[in-house]
Amino acid sequence: MSGFSSELIDYLEGRITFEEFDQRRDERKATESEVSAERVEEEDAQPSTSAHVPGHIEEGVSPGVQQAFASMLGDKPEPPSSDEQQEEGEEDGFSYVDDEEDEDYKAEEEQKVRLEMEETEKRRKRCGKGGRGRRNRKQRVLEEEEEEEDVEEDPTVGDVFALEMELNRENKKMMRERRQRSKLPRALRGLMGEANIRYARGEKEDAILMCMEIIRQAPLAYEPFSTLAMIYEDDEDMDKALQFGLIAAHLNPSDCEEWIRLAEMSLEQDNIRQAIVCYSKAIKYDPTNVRYVWERSSLHMRLGEHRQCMDGYRRILSLLPMEDGEHFMQLSKDMAKSYYESNDLPSALGVIEEALERHPGLVSDDFINMAAELHIANRQYSKALQVLVQFAGVVLVKDESESGCEEPRQEERVAEETTEEEEKKNEEDTKTEEEMAVKEDCAIQDVHVPDSVPVDLRAKLTVCLIHLHVDTPLEGLVSSLMEQSPEEIGDLYLDVGEAYLEEGKYMAALPLLSALVISEKYNLAVVWLRHAECLKALGHMEAAAQSYTKVVDMAPQHLEARLSLATLQQQLGRPECALKALESMYDSETLAQDSSAAQKELKLLLHRSTLLKTQGQTQDYLDAMITMISMLLKVAMQRAKVCVRSVTVSGVNHLRLAKAILPEIADHEAAYLDNTGKTNVMSKEDWWQLLVSCVLTLCEVRRYEEAELLVESAMEFYSFYDNKPRRKEMECFGLSATILDHNYYKAYNYIRLMLMENVDRPQLWNIFNQLTITSQHQRHHRFCLRLLLKYPDNHALGVLCGHNAMVSGSFKHALGQYVQAFQTHPETPLHSLCVGLTFFHMASQKYVAKRHTLVLQGFSFLWRYVDLRGVCQESMYNLGRALHQIGLTHLAIHYYQTALTLPAQKLEGIPDDQLDLRREIAFNLSLIYQASGNMAMAHQLINTHCVV
């Protein structure tokens, strides 16, 4: 506290008020100014030996300022002589009597002018003598002359004052650029200072109230928010401190250090996103700060935002100086590795090529290996070879007889490629093809590899030559590679072997892969898989099957190996081994959680079902199909209340579809989308074909109920239901399955929907009529009446409504419908028969006014029916039945006996016994004989025609 004044200490400790503090400060300043003035007068009265800048002291410009600007201008003030000191002393003492009329004053001025002229003449002579010397000496003398002139021609006080003002303006301008101007009004600055003082005293509550008042009046000023942030930070309320600090930083965004502090506070609260925003603000006002960019990139990496992280690293690379080459190369290497792991090969190659071009002298073997590997992964084998030639010291020996195939110098070629990449990056594929053509034309005879080149670079060179079809030097390179143990460089063996496999050179790849499969360290599933592929390509099926079996044992979840093994076993005549290879890889819990596992399982089941179908194992085929379709229709089956159960049939477990009460799904749409992601390995058309095949197969094995449940579940699946043609086909499948299963109640639901959309199709009305006959319920009556109101001119619907009215006893309504049908189709025998029978039913009622008239009208329509239909078993039976109904039994016997003598009709597609009416005729005729007491005749008819 020794650096503060006494009144300030008293004010901070609360001993005095602010007014007393202000008054005591003014009194102290006045006292200090008087003491300093007396000290200056005493110093002026005493002679001084220190040098000072000559000239008069004007108001506002101090000697210190003049000396500072003189040093800035390069002037070195010389100490005055004793005469000059005496003269100055005299001037100081008697300046009030010196004037222009004083003779002594004039003499002194003339003597000064004479001395200056003599000194100037001496300098000129010295300059003339120096001209005869060397050039550098002359230059040195001229510089000394200029320095002396500068010493003599001192700047005036006005010039110094102008320079000082200009410097102040520049300083203020720099301060404005560095810090945003405060938006706090002058009237509130005192209150802001009072708030800061209260905070310094520890009166935080009052300071907070003052800051809030300032915010109310000047909400765009950052000072009160900054003070509040400090107050809450002292109180360890970090949430409020961070919030007020962020507000202050946004109001004063150019303070980079404040942004960094807020970023660190955000990280302490695990708010990484907020920290990234703070670092971005700091980078905006200090874009060349590498540390800020690095920290922000690290935070992006923590959040898994790979692209933003890589963008930050690229910015760091552009900010690193040329002298910091090692860091540049290391960061480029890390970036390329990260890009490669994220399958972004073009970006990885861009980073590597930039590093090779910028710092070619710092390229290490690891860097060369990575560059070559990236080019090989991108199938740019010519570029990989160029990297090895340029940086690894590999020498290509070419055929000199090929005159037009001389390869351009490496430096020129790299320069041309760099230019092409900058101009147009999309031409990389074309350029690669051109380089490949040059390589093919310019045959490489040999390759010289220095002994210092590591073995991994030798392997990369071998891979490049294999893909470029340069076979001459390969034998030596591969032989030298195989001289080393596969336990140490097995990965290089595999790289070369895979290169041979890609080019179709299986015989060359087989020794490398065979050496790996017998090793201990590289006896891996991937190696066995490549070995099996090589053997299969060479036609060694038995050995390939053994290798694939080894792969499946070591990696049970490898789908491609299982499929290939199953195919080989089927070709070798081992269907049971093929089915064993296609057994399930995952359990139900894994399939429900892992999408990739579900997709693999679906592919496996698809191949398994195909194999089972070719082998004729229908039940197992249906099990595989039901498993696949249940994975697709998982949500739909829950809505349809259908589940898959395992039952034991003949000691073997099989899957069956059954109705069940299942728990409701909270979010059907989310579950549907999740299930779609698991089953998108096949197209919708493929799934549709599988569903149709499964329904048809279920019907073939007479599992109609399961086919019906499967159709019901498929109708709940959005993709099938929204497709109208497929929905119609599914309705037909459902109708057929329910009819075959004798489930007429559900069949009526299907036919009802189909009729509402296709009311003019007679086939649907025929099926509807068959269902209503066998369903034994009357709910279709109202449906037909409602539909008749909508389509009054529909012929089939009118006749059917007439039948319904006839059955329910509404004869007049039935007669109206039949007459309407008779008017539109008078030549149809059925309409005349229905009208005649309606008249007979009306005549048979108890209370009828004109019974005879109704009977006559009925007979007229019946005879018209007989004329249209002809004399046949059907017409005679219907006529006898009508006479039997009204009690004319003697006439009915005649027509019944006539009908018994006539043969039954034969129709295509209907069995003959279903059209034969002799049983009905004999039974009705026996009833007449029983009523008349002729029991013997009745027994004879029954025994003849009705006994099976």
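Look up: the structure comes first, before these words.
What you see is a predicted model; the values in this text were computed from it and never measured. (Residues numbered from 1 in each chain as written. Predicted model: local features only at pLDDT ≥ 70, side-chain atom pairs only at ≥ 80, totals over all residues. Heavy atoms only, no water.)

> Just to check I follow, could you spell out the pattern of salt bridges for this structure?
Where charged atoms from two side chains of opposite charge come close, those side chains can pair. This model, assessed by the stated rule, comprises 25 salt bridges. In this structure, the salt-bridge partner of R530 is E533, at a minimum N-O distance of 3.7 Å. Separated by 3 residues within a single helix, R530 and E533 lie in helix α26 (residues 525-538), roughly one turn from each other. Relative accessible area serves as the criterion here: at 22%, R530 is assigned to the partly exposed category. In this structure, D916 and R918 form a salt bridge, with 2.7 Å as the shortest nitrogen-oxygen distance. Relative accessible area serves as the criterion here: at 13%, D916 is assigned to the buried category. Salt bridges linked by common partners bring E194, R198, E203 and D206 together as one network. (Salt bridge = Lys/Arg side-chain N within 4 Å of Asp/Glu carboxyl O. Helix = DSSP H or I, 4+ residues; strand = E, 2+ residues; numbered from the N terminus. Buried < 20%, exposed > 50% of the residue type's maximum accessible area, 1.4 Å probe, protein only.)

> Where do I start with the layout of surface pockets in this structure?
Think of a ball as big as a water molecule: rolled over the atoms, this probe shows where empty space is left. As a volume, the second largest pocket reaches approximately 1,000 Å³. In terms of lining, the second largest pocket is formed by 30 residues, of which the most central are N769, I773, V799, L800 and H803. Every element with two or more residues in the lining of the second largest pocket is listed here: α40 (762-775), α41 (780-790), α42 (795-808), α44 (829-843) and α46 (873-886). Along the lines of polarity and charge, the residues of the lining of the second largest pocket split into 13 nonpolar, 16 polar and 1 charged. (1 Å grid on protein atoms, 1.4 Å probe; cavity = no way out; pocket = protein on both sides within 12 Å on 5 of 7 lines; lining within 4 Å. Points joined across faces, edges and corners; volume = space filled by probe spheres on them. Nonpolar A, V, L, I, M, F, W, Y, C, P; charged D, E, K, R; others polar.)

> What should I look at first to understand helix α28 (residues 559-571) in this one?
Every α-helix winds through 3.6 residues per turn, so residues three or four apart in the chain are directed the same way. Between its terminal C-alpha atoms α28 stretches 19 Å, which fits the 18 Å expected from 13 residues at 1.5 Å a residue. Inspection of α28 places L559, A561, R562, L563, S564, L565, A566, L568 and Q569 among the buried residues, and these make up the whole buried set. Considering only its buried residues, α28 is in contact with α26, α27 (541-554), α29 (575-581) and α31 (595-615). Phi turns positive, to about 80°, at G573, one or two residues after α28. (Expected span 1.5 Å × (residues − 1). Contact = heavy atoms within 4.5 Å.)

> Mind showing me how you'd approach unusual backbone geometry here?
For D270, which is not glycine, the phi dihedral falls at a positive 60°. Following the sequence through the fold, D270 ends up in the loop between α12 (256-268) and α13 (272-285). Of the residues examined, D270 reaches a relative accessible area of 64% and is grouped as exposed. The backbone phi angle of K641 is positive, close to 60°, even though this residue is not glycine. By the element assignment, K641 lies in the loop between α33 (634-639) and β3 (642-649).

Function cannot be inferred from these measures alone, as they are strictly geometric.
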